[in-house]
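For reference, the chains in residue letters:
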Amino acid sequence: MNAKVEELDPIILERGGTRLTRSQVEAFGREIDALREEIMNDLGEADARYIRRLVKTQKGMELAGRGLLFLGVLPPAWLAGTALLSVSKILENMEIGHNVMHAQWDWLNDPALDSSTYDWDNTCPAEQWKHSHNYMHHTFTNVVGKDRDVGYGIMRLSDEQRWNPLYLFQPAYNWVLAALFQWGVAFHDLEYEKLLKGEKSWAEYRVQRRKIMKKVRKQVLKDYLLFPALAGPFFPFVFAGNLSANLARNLWAYLIIFCGHFTEHAEMFTEEEIVGETRGQWYLRQLLGSSNLEGGPLFHIMSGNLSHQIEHHLFPDMPSNRYRQAAPRVRAIAERYGLHYNTGRLSRQFGTVLKRIHRLALPGRRRANSAPV
Amino acid sequence: MHLETRFDTAGWMRRLGKALATPFDPEDYLALFDARHSAREIRARVHRVRREGDRAVTLELAPNRLWRPHKAGQHVMLGVDIGGVRHQRCFSLSSAPSDPRPAITVKRHGPGGVSDHLVNHCREGDLVTLSPATGDFVLPEAAPERILFLTAGSGVTPVHSIVKSLLASNYEGQLVWAHFERGYHQWLLGESLRGLALDDRLDFRLVLTGDTPRDGDQAGRLNEHWLTEQVPDAAGRTLFTCGPEGFLDTVIDWHRRHGLAPLFHERFQSAPASGGDGGRVRFARSGGDVQAEGAQSLLEAAEAAGLRPKHGCRMGICHTCKCRVTRGRVRDLQSGARRELADQEIRICVHGADGDVELDL
């Protein structure tokens, strides 16, 4: 390419052996846009039936699970009740709550599934989550310093984060975060580190804290006091069942979410890189910063279709049941542009997440070029 | 001093139910057993579908406990899922408040849309949603002694409710009601009206504008001549009128020149003037307005007008900027699709004005 052409159409992406010019990135963006348009125009009754049936199934499982836990003195009833409640909490948080609050179902015009009014069965208040997740995380995906999901303010998951000795313990407290994931999600919105740096006022902090505590009180009252108390002498069984279900939901959500952005080949970005970013470049960052999980239909539903993390990041407000249809098309487009489509089985992807957590606990960077060729 | 010590059992049960269902409502779980249950909206089952000629139906509705009886003459926004998507339209209630169930009467306006769906596809047992009944087309506290009702076409529905409820009460006045209709096939609520007309307190006339009248009915068209000839004391009667645009204009014009008693009229929503690219954006809460370019987002227009609406990504993905359009036409800046909105939320960062728009800002 001669200098003059390069000036008109400069290379704006150079990662892992792939070089794309400005016009190529924009063409890539247009193809992704067209795919989005095609699927969004096809939404209809079958999609509506899917989400409504799912809500009914989830609520039914929750009632059955809580009912069985009242008989929790019998071990099979306790196990079945806990399992049903765990699955129902996972479905509600992931395939229903997360996606409804992304406005994926706003087009139904149904107030029960509307992003502006929905609140989920989780200690994190919907309003705050929509800000930190829908706006901060989805707009600034994997941009170190902007996207607080990169380490949630306590972990070092990118080379770009400066090391400090506390990170030596992250392989251990990683598991604490996993077990308490809903609490991590709720309180990471408080942005303690910004408070310490003086970027956030105490007044603002107190207002947020009050809102979180209000939701926390209601959630704790329900799962750890009222339902157990209704069981009378069987209080401990219901308490333990609810605790286990919340724990199971926390671990599962942690697993899926960490596999979405912190696998070996998921790329990180700097604030300088996104200045003046076009829609095409934004799509590119979503693709390179996310990673998918392979599995069967049930696995996808249980993951809230976040197993299609790439498609979710390209199309955050597309109904999640359509990601499966978009995935092979996105992959084909990516491959045509020589871009890596990061996907693998859960065990393999999570293995690389653990590797990253352990490696970055130590000072220094990972291998200079971690992207596959 | 007497202390009120009665324990509010029902209130505490409600609070306990809410605490157990948090962050949802017990109603959300009861909806598993009967889909009418809802904590936020009036949902109703279609109890009976009565055909009205070949192009209309009366739907008797069985609403949930959030429904409050309407005043005769009021209307509701009825929502129904078509292709999975909730569509809403305004309908007058044709039933009297004393009827066992609220009912609406719907005439099909054309292919597609809510009226077509209700007339051709609505079955008993279907679920619809209702807004609370609203509207000022209602009788004053003390019903006037002499009333004249002038209706045409679908305008018959709210007046049917008013007249039926008056006749069911111990009303001692004298009613005249002239209803103008093209032909018998189009006439809504005919059977019920023939029944009401047997009451001595009601002088009902059916006036056909495009059909041969049968016994007792007449042919004609509403104009000044018709009124002075057929209802000599029309000027002194309180006037209630409802019907198509042209019909209403005639009545209102006549009343302005001759009327001596109050006039009540109900105008069914008409199609707004179509707009090109861009348009006038009005801000309902803050009061101002601004002219928006076709390519400009409503968010940018609001900012240009000095407002600071809440927003996030400015590219349509995060939905932080969602704002209610009270009324108006918008264009999706990404797909180019144009939409007519009333009381719906949109992302103002990726929608522009397409004619006049009013935002809840």
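Residues numbered from 1 in each chain as written. Chains lettered and ligands numbered in written order. Predicted model: local features only at pLDDT ≥ 70, side-chain atom pairs only at ≥ 80, totals over all residues.

Here we come to the overall build of chain B. Regarding its fold elements, chain B presents 8 helices and 18 strands. Scored against the burial criterion, the 361 residues of chain B give a buried share of 34%. For chain B, restricting intrachain contacts to residue pairs at least 6 apart in sequence, the fraction spanning at least 24 positions comes to 65%. (Helix = DSSP H or I, 4+ residues; strand = E, 2+ residues; numbered from the N terminus. Buried ≥ 20, exposed ≤ 12 C-beta atoms within 10 Å, placed from the backbone. Contact = placed C-beta atoms within 7 Å.)

Let us now look at the sheet that holds strand β5 (residues 103–107) of chain B. Residues and elements named next belong to chain B. The sheet built from 6 strands is open, its strands ordered β4-β3-β6-β1-β2-β5 with antiparallel pairing. For this open sheet the edge positions go to β4 (85–92) and β5, each flanked by a neighbour on one side alone. The mean inter-strand angle of the sheet, taken between neighbouring strand axes irrespective of direction, is 40°. (Pairing = 2+ DSSP bridges. Axes fitted to C-alpha atoms, helices over the stretch in contact; angles between N-to-C directions.)

Residue and element names in this part refer to chain B. Each assigned domain of chain B is listed with its residue range as follows: domain 1 (42–130), domain 2 (146–267) and domain 3 (279–359). Averaged C-alpha coordinates put domain 1 and domain 2 at centres separated by 24 Å. At the interface, 17 residues of domain 1 touch 14 residues of domain 2. Looking at the side of domain 1 that touches domain 2, the elements with two or more residues in it are β2 (56–63) and β5. Here the side of domain 1 that touches domain 2 is built from residues that sort into 5 nonpolar, 9 polar and 3 charged. (Domains from an automatic or database assignment. Nonpolar A, V, L, I, M, F, W, Y, C, P; charged D, E, K, R; others polar.)

Residue and element names in this part refer to chain A. Viewed as axis vectors pointing N to C, helix α2 (residues 22–40) and helix α14 (residues 323–336) meet at an angle of 165°, and their least axial separation amounts to 11 Å. The orientation of α2 relative to α14 falls into the category roughly antiparallel. Relative to α14, the crossing made by α2 is right-handed. Between α2 and α14, the contacting residues are F28, E31, I32, L35 and I39 on the first element and Q325, A326, R329, V330 and I333 on the second. Along the lines of polarity and charge, the residues of the contact of α2 with α14 split into 7 nonpolar, 1 polar and 2 charged. (Parallel < 35°, antiparallel > 145°, perpendicular 65-115°, else oblique. Left-handed = near helix turned anticlockwise from the far one by under 90°.)

Turning our eyes to something else, we now look at the interface of chain B and chain A. In this assembly, 24 residues from chain B lie in contact with 35 residues from chain A. Those elements that place two or more of their residues in the side of chain B that touches chain A are α1 (9–21), α2 (26–30) and β4 of chain B. Within the side of chain B that touches chain A, the residues separate by chemical class into 10 nonpolar, 7 polar and 7 charged.

Moving on to the confidence of the model for chain A. For chain A, the mean per-residue pLDDT works out to 93, and 97% of the residues sit at or above 70. Note that pLDDT drops below 50 for residues 369–373 of chain A; the model gives that stretch 13 contacts with residues more than four away or on any other chain. (pLDDT = per-residue confidence, 0-100.)

In this structure, L113 and A253 of chain A are the most contacted members of the largest nonpolar core, which totals 53 residues. Sorting the residues of this core by element identifies α3 (45–69), α4 (75–101), α5 (126–139), α7 (181–188), α10 (235–261) and α15 (346–361) of chain A as the ones contributing at least two each. Contact partners of A253 of chain A, with chain neighbours within four places excluded, come to N93, M94 and F181 of chain A. Grouped together as the second largest cluster of nonpolar side chains are 49 residues, A103, V119, L150 and V156 of chain B included. (Core = buried A, V, L, I, M, F, W, Y, C linked by C-beta atoms within 7 Å.)

What follows is about helix α3 (residues 113–121) of chain B. Residues and elements named next belong to chain B. Among the residues making up α3, those that are buried are V114, L118 and V119. Looking straight down α3, one finds that the buried residues subtend no more than 120° of arc, so they occupy a single side. Counted as exposed and oriented over 90 degrees from the buried face of α3: N120 and H121. (Arc of directions from axis to C-beta.)

Here we come to the environment of G220 of chain B. All names here are of chain B. Counting through the fold element by element, G220 comes out in the loop between β10 (218–219) and α6 (224–230). Linking G220 and T134, residues 86 residues apart in sequence, is a C-alpha distance of 33 Å. The contacts of G220, once residues within four sequence positions are left out, are V207 and W226.

It is worth spelling out the pairing of strand β1 (residues 11–15) of chain A at this point. All names here are of chain A. Where β1 lies against strand β2 (residues 18–21), 4 bridges are found, and the strand directions are antiparallel. Within the sheet, the bridge partner assigned to R15 lies in β2 and is T18. A loop of 2 residues connects β1 with β2, the two strands running antiparallel in sequence, and G16 in this loop sits at a positive phi of about 50°.

Turning our eyes to something else, we now look at the sheet that holds strand β7 (residues 146–152) of chain B. Residue and element names in this part refer to chain B. Within the open sheet, the 6 strands sit side by side as β10-β9-β8-β7-β11-β12. Their pairing is parallel. The sheet is open, and its two borders are formed by β10 and β12 (263–267), each paired with just one other strand. Sheet topology places β7 next to strand β8 (residues 174–181); 7 bridges connect them, and they run parallel. Its bridge partner being in β8, T151 is matched across the sheet by H179.

Here we come to α4 of chain A. Residues and elements named next belong to chain A. With 27 residues, α4 ought to run about 39 Å at 1.5 Å a step, and its terminal C-alpha atoms sit 37 Å apart, in line with that. The sharpest bend along α4 comes to roughly 30°, located at E92. Most of α4 sits out of view: 21 of its 27 residues are buried. (Expected span 1.5 Å × (residues − 1). Bend = angle between axes of the 7 residues up to and from the residue.)

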